[in-house]
Amino acid sequence: MCGIVGYIGESTCGKPLEVCLQGLQRLEYRGYDSAGVALVNNQMTQVAVRKKAGRLSNLIDDIQRESLPEAIGAIGHTRWATNGAPSDVNAHPHTSSDGQIAIIHNGIIENANTLKIALQSEGYVFSSGTDTEVAAKLLGKIAQLVIEETGKPDLFEALRRMARMLTGAFTILAVDVRQPNIVVGARHDSPLVVGLGQGENFLGSDVAAFVAYTKEAMELGQDEAVCIDAHNVTVTDFYGNEVHDSHRFIIDWDATAAEKGGWDSFMNKEIHEDPAAVRETLLGRFNTKGDIVLDEVHIDEEDFRSIDKIIVVACGTASYAGLVAKYAIEHWVRIPVEIELAHEFRYRDPILTSRTLVVAISQSGETMDTLMALRHAREQGSKVLAICNTQGSTIPRESDAVLYTHAGPEIAVASTKAFVAQITATYLIGLYLAQVKGTMFRDEIHQIIEQLNAMPDKIQHVLDTQSEVVLEAAKAMKDAHSFLFLGRHVGYPVALEGALKLKEIAYTFTEGFAAGELKHGPIALVDAGEPVVIIVPSARGRNTLHNKVISAIEEVKARGAYTIVIAEENDPDVNKYADVIFWRPSCPTLLSPLVDVVPLQLFAMDIATLKGFDIDKPRNLAKSVTVE
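Procedures and definitions
- Residues numbered from 1 in each chain as written.
- Predicted model: local features only at pLDDT ≥ 70, side-chain atom pairs only at ≥ 80, totals over all residues.
- Heavy atoms only, no water.
- Helix = DSSP H or I, 4+ residues; strand = E, 2+ residues; numbered from the N terminus.
- Rg over C-alpha atoms; globule rule 2.2 N^0.38 Å.
- Buried < 20%, exposed > 50% of the residue type's maximum accessible area, 1.4 Å probe, protein only.
- Contact = heavy atoms within 4.5 Å.
- Areas by Shrake-Rupley, 256 points an atom, 1.4 Å probe, with all protein chains shown as cover.
- Lys, Arg positive; Asp, Glu negative; His and termini not counted.
- Charge placed at Lys NZ, Arg CZ, Asp CG, Glu CD.
- Salt bridge = Lys/Arg side-chain N within 4 Å of Asp/Glu carboxyl O.
- Pairing = 2+ DSSP bridges.
- Axes fitted to C-alpha atoms, helices over the stretch in contact; angles between N-to-C directions.
- Parallel < 35°, antiparallel > 145°, perpendicular 65-115°, else oblique.
- Disulfide = S-S within 2.5 Å.
- Core = buried A, V, L, I, M, F, W, Y, C linked by side-chain atoms within 4.5 Å.
- Phe/Tyr/Trp six-rings, centres within 6.5 Å; stacked < 30°, edge-to-face > 60°.
- Lys NZ or Arg CZ within 6 Å of the ring centre and 35° of its normal.
- Arc of directions from axis to C-beta.

A. Summary view of the overall build of the protein. Secondary structure assignment for the protein yields 18 helices and 24 strands. Relative to the globule expectation of 25 Å for 628 residues, the C-alpha radius of gyration of the protein, 26 Å, shows essentially globular dimensions. When each of the 628 residues of the protein is scored for burial, the buried share is 62%. The contacts of the protein with a sequence gap of at least 6 include a subset with a gap of at least 24, amounting to 72%. Taken as a whole, the protein presents about 22900 Å² of accessible surface, with 47% of it coming from carbon and sulfur. Between the mean site of the 57 positive side-chain charges and the mean site of the 83 negative ones, the protein shows a separation of 2 Å.

Quick look at the structure:
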C-alpha cells in the first residue's frame, strides 16, 4: 500500500533527493500518512534521514527549512499505515542501530514480533511500533556479520539473507553509507519495478516513481532481489542465483499523464478521461475484417472453446465491473459466470476445473486478495486471464494471459476511468468467446462492436450535457445523512458502484440494492426527504423491466423520498416521479453501464467537494491494497 522509490547516479549532487521527492509526489496515492527520505554519499558516516507524519508536503516544507546534503543515492517512502500509527517516529525510513543502513518497506512482516523479541534479548532497542524498524535492526546485524565473515561490506548479500528470514509480504529497499554507490531491494508478494536509465538507475513500487526520467523498465519477479548502481542492474533470487530472463518493457505513458494538468483534482480529470479510457481499451483489438484479435491473450482458441464456466475474482469497484460482465457474457456466450470477492474465494473451497476460466480484475495488478485467488485457481488447474491497467505488475505476470486496459495512470484513490475500462475489457472477452465458440453470428458480433465503438462519444455527451445538472443535485443533497441506490439488471452493479463512490469520498452512509429487493426490507429505510437514486433501464426491448423500475420509483416517492433518476433521453415515464433526472443517450441495455456510471461519479465528486473533503485522498484508504 506504500509508495517507494530508489535512485542511484554517478556523482554526488541534488538529483537523488529531487528524484525521490518527485517520485513520491506521483506515488502519494499509494499512501499519505507520512513520508520520508534517506540519502547516502561518500563522506557520510551515517545515513541522512528526514521523515514527517502527514502529507508529503510536510516533508517538503521541513527540507526547505533545513536542507539535506547532496548525495549519490537515495530512497524515499510515502506510507499507508498498517503497522504502527502514523507519526514522525513510525514514518519510514528506519535505520540500523549504528545508523549506517536505512530501509523502507511496503507490506507486513508477519514474524516481526518473534524477530523483535530475539533482537531485544541481544540488547537491541526499538523506538517505533513498526515491523519495518525490526527489519532495519535485523539488516544492520546481518550486515555486520557479513563484514566479519568476508572482511568487507556486502549489503546485497545481507538483504538476501534477511529476506530468507522474513514471512509475510514485503518490498524492502536499503542503502548503506559503506556502499553509497548502490541501492538494493527485495520483494515477496509486494510490487517492485526497475527503471533503466543512462548513468543512473531507479527502483519503484510502480513505474510512476520514475516515469519522468526514463521510459524503459524491467519487471522484478517473486522472491527476487536487485542491486542497482549507476550503470548496472543485477537480479538474483534470495539465495544469490543470478536471474537473466527479467522482462523489459517500455512505459506507454509519460509523466504529464500523472499530473492534474489544470484540473482541480485528479478525480475530476480522470472522470473526464472516461471516454479516452474506453477508446484506448478498444484500440488495436480488431483485424481488418472487424473480428476481435486479442494479441496479448496467449491462450489457445481451443482452450477458449472448452471453457464451460467463468469465475471473476476481484474486489470493490473491480468486482462491480465483473458483475456487469456477468450479464453480458452469459447473454452472449451462454455459459455461467460467477462473481467472487477475491478475499473470500480460496477460503470457501471453490469448484475449479481445467475448463474454468478465472478472470482476475485489478487496476493496479497488485491487489493481494486477487493475487492469492488467482494463485489458488492456477494450482487447481484453471486458466487465469488478468484484466489490468499497470504494466510490470504482479497479477498479469502470474496469470496465463493479460488484457491491458491502457487507461493511463489513475491517481485518485476512488476508481473512475479504470472502472469503465474494465467493463470494456470484459465486453471484449465476452465477444471474443462468442466469436470462437460460435454462440453468435458474425454480423451480430460486429454490430455490438460497432455500438461499443460509439460509446466514448456517448460518455462524452453525458459529460457535456449533464455536469451542471449533477452539480445542482449535489448542492441540494450535500447535507443528506444517507442515500439509497437502486438498479435492476445491469443497473444493479451501477447502483452498487454509485453507492461505493459516495462512501469512499463523501463519507456518506450509502447502500446499493437490486431494485426488486426494495419490498423485501430496504423500503423501511425510506423516509421523507430520503434521497433515492434509481437507474432506469431503457423501455426499448425490455419494457417489462422498465415498468417494474418505474413502479419502484412510485413506491419510494409515495413515502416522501427525494428521487434522483438516471434515464434514457425522451423517456416520458420518469418525469412524473423524478425530482431530478440525469439523462443518458440512447444505447444498448448491456452497454448502458458505461454511460450510467458517469453522472454518479460526478455526483459523488461534487458532494465531496462541496463538503470540503480531499477527494483524491480519502481518509483511511489507499489506492493499491497490497496486503490481505
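B. Representation of the pattern of salt bridges in the model. For the structure on display, the rule yields 35 salt bridges. Here Lys 15 makes a salt bridge to Glu 200, at a shortest N to O gap of 2.8 Å. Placement of the pair is Lys 15 in helix α1 (residues 15-27) and Glu 200 in the loop between β9 (193-196) and β10 (201-204), with a sequence separation of 185 residues. Accessibility expressed as a relative area gives 10% for Glu 200, which makes it buried.

C. Structural context of the environment of Ser 354. Mapped onto the fold, Ser 354 is located in the loop between α10 (342-345) and β17 (356-362). For Ser 354, a relative accessible area of 56% corresponds to the exposed category. The spatial distance from the C-alpha of Ser 354 to the C-alpha of Thr 370 is 19 Å, given a sequence separation of 16 residues.

D. Geometry of the sheet that holds strand β8 (residues 183-188). Read across the open sheet, the six strands follow the order β5-β6-β7-β8-β12-β13; overall the sheet is antiparallel. The outermost strands of the open sheet, each flanked by one partner alone, are β5 (94-95) and β13 (233-237). Examined bridge by bridge, strand β6 (residues 101-109) and strand β7 (residues 168-176) share nine bridges and lie antiparallel to one another. Its bridge partner being in β7, Ile 101 is matched across the sheet by Asp 176.

E. Broad picture of the side chain of Thr 367. With respect to the helices, strands and loops of the structure, Thr 367 is situated in the loop between β17 and α11 (368-379). Take Thr 367: its relative accessible area is 14%, and that puts it in the buried class. Beyond its immediate sequence surroundings of up to four residues, Thr 367 is in contact with Cys 315, Ser 362, Ile 395 and Val 625.

F. Quick look at the packing of helix α13 (residues 417-437) against helix α18 (residues 593-610). It is the contact of α13 with α18, at a shortest axis distance of 10 Å, that shows an interaxial angle of 170°. Considering the angle they form, α13 stands roughly antiparallel to α18. Residue-level inspection shows Phe 419, Val 420, Ile 423, Thr 424 and Tyr 427 of α13 in contact with α18, the latter providing Pro 593, Leu 594, Val 597 and Gln 601.

G. Looking closely at the state of the cysteines. With the rule as written, the count across this model stands at zero disulfides. As a non-bridged cysteine, Cys 13 has Cys 20 as the owner of its nearest cysteine sulfur, 12 Å distant. When its relative accessible area of 25% is taken as the criterion, Cys 13 is described as partly exposed. This cysteine, Cys 227, is not joined by any disulfide, and Cys 20 carries the nearest cysteine sulfur, 16 Å off. For Cys 227, a relative accessible area of 14% translates into the label buried.

H. Looking closely at helix α5 (residues 155-165). Counting buried positions along α5 gives eight out of 11 residues, so the element sits mostly inside the fold. Listed as buried for α5 are Leu 155, Phe 156, Glu 157, Ala 158, Leu 159, Arg 160, Met 162 and Ala 163. Check the buried side of α5 and you find it contacts β6, α4 (131-150), β7, β8, β12 (224-228) and β13.

I. Summary view of the sheet that holds strand β11 (residues 216-219). Ordered in space as β3-β2-β4-β1-β10-β9-β11-β14, the eight strands form an open sheet in which the pairing is antiparallel. The strands lining the two open edges of the sheet, one partner per strand, are β3 (48-53) and β14 (248-250). Looking at each pair of strands side by side, their axes are set apart by 20° on average, direction ignored. Two strands pair when backbone bridges link them, and strand β1 (residues 3-13) and strand β4 (residues 71-79) are joined in this way by seven bridges, in the antiparallel orientation.

J. Expanded view of the nonpolar core. Of all hydrophobic cores here, the largest spans 156 residues; its most connected members are Val 37, Ile 310, Trp 332 and Phe 603. No other element matches α13, which puts 13 residues into this core.

K. Broad picture of the pairing of β12. Burial analysis of β12 places five of its five residues in the buried class, the great majority of the element. Every second residue of β12 is oriented toward a common face, with Glu 224, Val 226 and Ile 228 on one face and Ala 225 and Cys 227 on the other, all of them buried. Where β8 and β12 come together, five bridges link them in antiparallel fashion. Following the sheet pairing, Gly 185 is matched in β12 by Val 226.

L. Local environment of the side chain of Gln 466. With respect to the element layout, Gln 466 can be found in helix α15 (residues 455-477). Once you skip the residues sitting within four places of it in the chain, Gln 466 turns out to touch Ile 581, Phe 582 and Trp 583.

M. Looking closely at the packing of aromatic side chains. Counted according to the given criterion, the structure contains 10 aromatic pairs. Look at Phe 202 and Phe 210: their rings are 6.0 Å apart centre to centre, the planes differ by 35°, and that puts the pair in the tilted class. Residue classification places Phe 202 among the buried residues on the basis of a relative accessible area of 0%. Exposure remark for Phe 210: the relative accessible area of 0% places this residue in the buried category. One aromatic cluster is present, built from ring pairs that chain together Tyr 7, Phe 202, Phe 210 and Tyr 213. The ring centre of Phe 126 lies 5.2 Å from the NZ or CZ of Lys 116, which sits over that ring.

N. Quick look at helix α7 (residues 274-282). Taken residue by residue, α7 has Asp 274, Pro 275, Ala 277, Val 278, Thr 281 and Leu 282 as its buried positions. Along the axis of α7, the buried residues cluster in a sector spanning 165°; they form a single face. Close packing links the buried residues of α7 with α6 (266-271), α13, α14 (442-453), α15 and α18. Trailing α7 by a residue or two, Gly 284 shows a phi angle of about 75°, which is positive.

O. Up close: the pairing of β6. Most of β6 is tucked away: eight of the nine residues are buried. Note: β5 against β6, two bridges, orientation antiparallel. In the sheet register, Thr 95 faces β6, and the bridge partner there is Ala 102.

P. Region of the structure containing unusual backbone geometry. Of note, the amide linkage connecting His 92 to Pro 93 takes the cis form, showing an omega dihedral of 5°. With respect to the secondary-structure elements, Pro 93 resides in the loop between β4 and β5. Non-glycine residue Asp 349 carries a positive phi angle of around 55°. Relative to the helices and strands, Asp 349 resides in the loop between α10 and β17. Even without being glycine, Asn 620 reaches a positive phi, approximately 65°. Within the element layout of this structure, Asn 620 appears in the segment after α18.

Q. Structural view of the environment of Ala 608. Inspection of the secondary structure assignment puts Ala 608 in helix α18. C-alpha separation for the pair Ala 608 and Glu 504, spaced 104 residues apart in sequence, amounts to 9.4 Å. Residues within four places of Ala 608 in sequence aside, it is in contact with Ile 505, Ala 506, Phe 613 and Ile 615.

Purely spatial values, then, with no claim about function.
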